[in-house]
Amino acid sequence: MAAKRFFDDSADPDSNHSNYKRMRKTPSFASVIKEVVMVNFLDNFCSALEPMLRRVVHEEVENGLRRCSRSIGRSPSLRIKAMEPSNLRLIFNKKLSLPIFTNSKIVDSHGHPLQLLLVDATGDCLVPTTLASPIKVEIVVLDGDFPIGENEATWTNEEFNKNIVKERVGKRPLLTGELNITMRDGVVSLGDLEFTDNSSWIRSRKFRLGAKVVHVGKGQNNVRIMEAMTDSFMVKDHRGEVYKKHYPPELGDDVWRLEKIGKDGTFHKKLTSQGIKTVQDFLKLANIDPEKLRRILGSGMSEKMWEVTYRHAKTCEMGTKLYIARGTTYTLILNPICQVVKAIINGQICHSRELRGIQRAYIEKLVKDAYTNWSSLEEVDGGLVMNEQALLTQGEQNAYQQQHTMRRSTLVIASGSEQAVEYNDWNIVNSTNICSPVENGVRYISESSSEGELHYL
């Protein structure tokens with residue numbers, strides 16, 4: 001029977017389990033009372049503790065502020081004062097030389113180190129000025145899109161700082177070199193500055209260089225000095241530097257330094273095959289025979305491309321060298337690109353006023369001969385050549401002096417009957433040698449009515 005009772009008890013496990021759960025779910029009266037007492041105790045304890053905590057925190061905060069205010073009072077450099085408005089500002093003296101490449105020195109448009117000036121912007125002019133004490137200046141990189149719209153001429157210090165560009169994560173400092181400088185007497189030259197990264201990774205794809213004051217001397221702490229900034233520009237990778245154009249080009253530059261002529265490109269190969277290797281070669285042929293130069297370049301160079309290339313070439317600096325071609329009856333003085341500076345024919349100084357038929361053809365032939373035999377010409381310094389004493393014989397000098405005294409005089413030419421002709425040129429020569437600019441084939445430089453002043457025609 002005992003075994004049967006055991007079997008019956010184990011045969012209904014669900015009933016036992018449900019009874020067990022029912023017993024567990026029903027709390028005792030004592031446990032309920034205990035929980036209520038505990039909750040009341042915690043509420044009363046927190047209510048009593050809160051005022052005490054508030055008082056302690058309030059006292060500690062006041063003590064901390066009091067100590068901080070005393071510290072600021074003892075340190076004038078930490079006092080917070082409103083910046084007084086002023087008309088002082090920093091400016092870069094000249095524009096930058098473009099284009100700019102990474103790992104290349106940044107210089108101004110004349111190839112010199114950048115220079116900062118302190119100016120007074122009162123009124124319409126920027127007047128250089130100075131402060132009694134030195135100024136510490138920091139050079140920074142700015143976003144090319146700053147400033148925008150109404151802030152294009154003015155901005156706040158906060159706006160300026162907000163647009164400072166830092167290097168990309170994992171890269172070297174964006175700008176290297178002497179970034180912190182001291183300005184004395186209102187001017188300072190910047191040291192070597194180089195970009196280490198191009199500008200293609202920011203939205204505007206352009207940078208600006210900026211300069212801001214980080215410290216001024218005593219008595220100037222509360223004066224705002226406006227920051228300086230350059231025009232926006234692109235920074236290209238240095239791998240493209242070997243192909244960059246020069247602005248302005250130099251006479252000795254390879255011809256591919258000109259706009260629209262690529263290195264080892266079609267135009268470059270065509271020109272070099274005809275012996276036109278430098279900018280000087282290009283300009284000489286452009287002055288002597290522009291049609292031939294156009295034929296060499298071919299139809300691939302459109303009229304618009306030609307204008308761009310030729311305009312770029314003409315910005316070339318001529319320098320002071322002059323070239324002399326001598327013959328038994330003539331002396332030609334040419335500039336480096338085969339333009340006539342002065343011509344002496346049969347002892348007479350031939351000027352650029354009234355070339356007629358045969359004189360024009362004769363001068364044109366002499367210039368073309370000089371171009372063909374360029375390597376045999378005498379190369380001299382321009383300052384010496386323009387001294388007439390070195391070029392003229394004694395008889396020619398006397399004639400030259402006489403010509404100077406004949407301004408706006410009346411020249412009487414006998415041709416069967418007397419006929420009065422008035423010439424306004426400051427150098428008058430006899431009627432058979434009056435010369436003017438050659439219109440076709442020869443580029444002539446004329447002298448103006450002011451002594452010593454030359455103009456290209």
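Residues numbered from 1 in each chain as written. Predicted model: local features only at pLDDT ≥ 70, side-chain atom pairs only at ≥ 80, totals over all residues. Heavy atoms only, no water.

A.B. asks: So what exactly am I meant to see when it comes to helix 5 (residues 266-273) here?
C.D. replies: Structural remark: α-helix, 3.6 residues per turn; residues separated by three or four positions point the same way. Among all positions in helix 5, only Phe267, His268 and Leu271 are buried. All buried residues of helix 5 project into a common sector of 100° when viewed along the axis, lining one side. Turned more than 90 degrees off the buried face of helix 5, the exposed positions are Thr266, Lys269 and Ser273. Tucked inside the fold, the buried residues of helix 5 contact helix 6 (279-288), helix 7 (290-297) and helix 8 (303-314). Two residues or fewer after helix 5 comes Gly275, characterised by a positive phi angle close to 80°. (Buried < 20%, exposed > 50% of the residue type's maximum accessible area, 1.4 Å probe, protein only. Helix = DSSP H or I, 4+ residues; strand = E, 2+ residues; numbered from the N terminus. Arc of directions from axis to C-beta. Contact = heavy atoms within 4.5 Å.)

A.B. asks: Teacher, can you tell me more about the pairing of strand 14 (residues 330-334) here?
C.D. replies: A regular strand places its side chains so that they alternate between the two faces of the sheet. In terms of burial, strand 14 is a largely internal element, five of the five residues being buried. A two-sided burial pattern is seen for strand 14, the buried positions comprising Tyr330, Leu332 and Leu334 on one face and Thr331 and Ile333 on the other. As defined by bridge partners, strand 13 (residues 321-326) adjoins strand 14 across four bridges and the pair is classed as antiparallel. Bridging from a neighbouring strand, Tyr323 pairs with Leu334 of strand 14. The pairing of strand 14 with strand 15 (residues 340-345) spans five bridges and is classified as antiparallel. Opposite Tyr330, over in strand 15, you have Ile345 as the bridge partner. Counting the residues that bridge the hairpin from strand 14 to strand 15 gives five residues, and of these Cys338 lies at a positive phi of roughly 70°. (Pairing = 2+ DSSP bridges.)

A.B. asks: Which parts of the structure should I look at to understand the nonpolar core?
C.D. replies: Generally speaking, a soluble globular protein has its nonpolar side chains buried in company with each other. Ile106, Leu116, Val137, Ile139, Phe195, Phe207 and Leu209 are the most contacted members of the largest nonpolar core, which has 33 residues in total. Core analysis: the next-biggest nonpolar cluster, separate from the first, contains 23 residues, Leu258, Phe267, Val279 and Trp306 among them. (Core = buried A, V, L, I, M, F, W, Y, C linked by side-chain atoms within 4.5 Å.)

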